[in-house]
Amino acid sequence: MALARSLGAVVSGVSGHLVQVEVDHSQGLPTVGLVGLPDASVIESKHRAKTAIVNSGLSWPKGRVTISLSPAELRKHGAGLDLAIAMGILGSTGQIDRELIANTVFLAELGLDGSLRSVPGALPCVIAAAQSGIKSVVLPLGNIAQCQIVPAACSVACSDLNHVIAYLRGEREPLPPGTARDPDFTDFFDLSDVMGQEEARWALEVAAVGRHNLSMIGSPGVGKTLLAQRISGILPPLTEDETLQATAIHAVASPLTCNNPITRPPFEAPHHSATMAALVGSVHGHRVTPGALTRAHHGVLFLDEAPEFSRNALEALRQPLESGQIALSRSSWTGLLPAKFQLILAANPCPCGNALTDSPKACGCASVALRKYTMQVSGPLRDRIDINILIPTFRGAGIGESSAVVRERVTAARELSAQRFRDFPWSTNSEVPPASLRVNFHPEAGGAELLNSYVGHSGGLRGSHRALRVAWSLADLAGHQRPTREDVALAIHLRNSEMAMASS
Ligand SMILES: [Zn+2]
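Since the structure is predicted, the reported quantities are computational estimates derived from the model, not experimental observations.

Rules used in this analysis
Residues numbered from 1 in each chain as written. Predicted model: local features only at pLDDT ≥ 70, side-chain atom pairs only at ≥ 80, totals over all residues. Helix = DSSP H or I, 4+ residues; strand = E, 2+ residues; numbered from the N terminus. Buried ≥ 20, exposed ≤ 12 C-beta atoms within 10 Å, placed from the backbone. Axes fitted to C-alpha atoms, helices over the stretch in contact; angles between N-to-C directions. Parallel < 35°, antiparallel > 145°, perpendicular 65-115°, else oblique. Left-handed = near helix turned anticlockwise from the far one by under 90°. Contact = placed C-beta atoms within 7 Å. Nonpolar A, V, L, I, M, F, W, Y, C, P; charged D, E, K, R; others polar. Pairing = 2+ DSSP bridges. Right-handed = clockwise from strand over helix to strand, strands pointing away. Domains from an automatic or database assignment. Expected span 1.5 Å × (residues − 1). Arc of directions from axis to C-beta. Core = buried A, V, L, I, M, F, W, Y, C linked by C-beta atoms within 7 Å. pLDDT = per-residue confidence, 0-100.

## A few points about the overall build of the chain
Next, step 1: Counting its secondary structure elements, the chain contains 21 helices and 18 strands.
Next, step 2: With the C-alpha coordinates aligned to their principal axes, the bounding extent of the chain is approximately 90 × 50 × 40 Å.
Next, step 3: Residues classed as buried in the chain amount to 45% of the 504 residues present.

Okay, structure coming up:
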């Protein structure tokens, strides 16, 4: 029998899928048939594989060769199947023991000289291998540093086809892996760069504890962008699982620049002129390019000058804010992309930006323009913001604490909430569903009383739930067992301070 099986993998969306490569050769005219929904780049694989095999001093079978890629209904794209196809050929001709290639995933593009070249999106494929119980993955050196963060799979790097054969036979060691760079906190802007703005800094800290969505309104130049850019530096590092997911997304989104594991919460700040495709993702052929919302998964999405974004762009945030996913539906690809992010909005108080400044630079905006500007961020979207703050023009001159000091407090508070939620399927205060909030996570009596009056006055039921979630973050920061009356009062203030100050 001249049938051999090897394993490769392809990316669909931002997830990897294992592909079984079956190779058979028989007598007949020398042709190569490739079946199983390959796209043009996979069809070209047979030419690369053939030349690489011959140039490596190995032999290509005479007669008819049939290569089948399964599952047959999954579309395959990219050059990453080259190595798996070549190994299948070598197995079918007995140049390598079929047993040696049966339980290893091969993932590389082949050069015509037999060398292994990096492929985009290798990490999601290695994660898929690990989830399927495959312990061994062979990769090019360029993909190895990132893929070694998957603890359940043994990823090794080889230089060329002959090296892969020698490694599988136990005759040669794999290449020494490059070391992934450790996360460096100094990469981030430091909070001590922001002068004054005590209340805004405090609001940022509370938002970081509970992963609360935050809106900041203030005149141009008061430091809204400076503050938002510094939130990554005060958030705790990603967990092992979050690191895998975030790195897999960035490996697909920017394969040329994403060489290291992403261990810090990603920070995405799309410009207000960004297209919908740049925000929610795009599909070219069968290749999905994740947009800014998906790249912000497990991190922060910052929209500066939020009212300048198109209404469609702002409304596109609603689905991921509710479900943590984006449904992308195009003719060649339909599926869900992950997009669970913390949203930070920043806006000027009016189109000219002077509404909050003292004369002589008085605001000259017409009331219609002002209304259109403030209504751009719709009510339903505004309703998903837990903390609204207004940043005063006077900044103060004090030098505040560094990001490291604040991060320590945020991490300690996060540990308290994680401990509290150990039996629940969520880990931060902003994620607690309303039913559980009422039953399991009510505040102290004084806080409950205040919250009830807030429901009746201005907050509404949804508003009171959001205030209670913020109150829990304040309680975690202060080390309280349950939110006190003061925690609830501060949370209501943080939820409404923008409106209260704007009307004063
Ligand atoms: Zn104005």
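## What to know about the packing of helix H18 (residues 403-420) against helix H20 (residues 445-478)
Next, step 1: Between H18 and H20, the least distance of the axes is 8 Å, while the angle of their chain directions is 115°. Taken together, the axis directions place H18 and H20 in an arrangement best described as roughly perpendicular. In the packing of H18 onto H20, the handedness of the crossing is right-handed. Packed against H18, whose contacting residues are Arg409, Ala413, Leu416 and Ser417, the element H20 presents Ser473, Asp476 and Leu477 at the interface.
Next, step 2: Classifying every residue of the contact of H18 with H20 by side-chain character gives 3 nonpolar, 2 polar and 2 charged.

## What to know about the pairing of strand S8 (residues 136-139)
Next, step 1: As paired strands, strand S5 (residues 104-106) and S8 are joined by 3 bridges and run parallel to one another. Bridge pairing in S8 places Val105 opposite Val137.
Next, step 2: Here S8 pairs with strand S9 (residues 154-157) via 4 bridges, running parallel. Residue pairing for S9: Val138 is matched across the bridge by Val156.
Next, step 3: Crossover connection from S8 via helix H6 (residues 141-147) to parallel S9: handedness right-handed.

## Concerning the domain arrangement of the chain
Next, step 1: What the domain assignment reports for the chain is domain 1 (3-168) and domain 2 (185-398).
Next, step 2: Between the C-alpha centres of domain 1 and domain 2 the distance comes to 40 Å.
Next, step 3: Between domain 1 and domain 2, the residue contacts involve 16 residues of the former and 20 residues of the latter.
Next, step 4: Residue assignment for the side of domain 1 that touches domain 2 shows that the elements contributing at least two residues are helix H5 (122-131) and H6.

## Some points on H18
Residues spaced three or four apart along an α-helix face the same direction, because each turn holds 3.6 residues.
Next, step 1: Compared with the 26 Å implied by 1.5 Å per residue over 18 residues, the 25 Å span of H18 between its first and last C-alpha is a close match.
Next, step 2: Those residues of H18 that sit buried are Ser403, Val406, Arg407, Val410, Ala413, Arg414 and Ser417. Projection of H18 onto a plane perpendicular to its axis shows the buried side chains occupying an angular sector of 135°, all on one side. When the buried face of H18 is taken as reference, the exposed residues oriented beyond 90 degrees from it are Glu415 and Gln419.
Next, step 3: Structurally, H18 contributes buried residues whose contacts are with helix H8 (198-210), helix H10 (231-234) and H20.

## Digging into the sheet that holds strand S14 (residues 300-303)
Next, step 1: Read across the sheet, 5 strands follow the order S11-S14-S17-S10-S18 without closing on themselves; strand pairing throughout is parallel. Both outer strands of the open sheet, strand S11 (267-268) and strand S18 (387-391), are each paired with one neighbouring strand and no more.
Next, step 2: Where S11 meets S14, 2 bridges bridge the pair, whose relative direction is parallel. Pairing of Phe267 across the sheet is with Val300, part of S14.

## Side note on the environment of Gly479
Next, step 1: Mapped onto the elements of the fold, Gly479 is located in the loop between H20 and helix H21 (485-503).
Next, step 2: You can call Gly479 exposed: it has 9 C-beta atoms within 10 Å.
Next, step 3: Put simply, Gly479 and Arg438 are 41 residues apart on the chain and 21 Å apart in space, counted from C-alpha to C-alpha.

## Here's the deal with unusual backbone geometry
Next, step 1: In this structure, the amide linkage connecting Ser70 to the following residue, Pro71, adopts the cis form with an omega of 5°.
Next, step 2: When you line up the elements, Pro71 lands in the loop between strand S4 (64-70) and helix H3 (82-92).

## Quick word on the packing of H8 against H18
Next, step 1: Where H8 contacts H18, the two axes come as close as 9 Å, and the packing angle between them is 35°. When you trace H8 past H18, the crossing you get is right-handed. Every residue of H18 that contacts H8 at Glu205, Ala208 and Val209 is listed here: Val406, Arg409, Val410, Ala413 and Arg414.
Next, step 2: Of the residues belonging to the contact of H8 with H18, the class tally is 5 nonpolar, no polar and 3 charged.

## Section: the nonpolar core
Next, step 1: Ranked by internal contacts, the top residues of the largest apolar core, which has 136 residues, are Ala86, Leu107 and Val126.
Next, step 2: With 11 residues, the single largest contributor to this core is H20.
Next, step 3: The two domains that each donate at least three residues to this core are domain 1 (3-168) and domain 2 (185-398).
Next, step 4: Discounting chain neighbours no more than four positions away, the residues touching Leu107 are Gly8, Ala9, Gly80, Leu83, Val119, Ala122, Cys125, Val137 and Leu139.

## Structural notes on the confidence of the model for the chain
Next, step 1: Here the chain shows a mean pLDDT of 88. Residues at 70 or above account for 94%.
Next, step 2: A low-confidence stretch, residues 499-504 (pLDDT under 50), is modelled with 3 contacts involving residues beyond four sequence positions or located in other chains.

## As for H5
Next, step 1: Of all 10 residues in H5, 9 are buried, a share of seventy percent or more.
Next, step 2: Of the residues making up H5, those classed as buried are Ala122, Leu123, Pro124, Cys125, Val126, Ile127, Ala128, Ala129 and Ala130.
Next, step 3: Looking one or two residues past H5, Gly133 carries a phi angle of roughly 85°, positive in sign.

## So, the pairing of strand S15 (residues 325-329)
Along any regular strand, the residues point their side chains to alternate faces of the sheet.
Next, step 1: Only one face of S15 is buried: it carries Ile326 and Leu328, and the other face, with Gln325, Ala327 and Ser329, is open.
Next, step 2: When S15 meets strand S16 (residues 334-338), the two strands line up antiparallel, connected through 5 bridges. Each residue of the ladder has a partner; that of Gln325, found in S16, is Pro338.
Next, step 3: Joining the antiparallel neighbours S15 and S16 is a turn of 4 residues.

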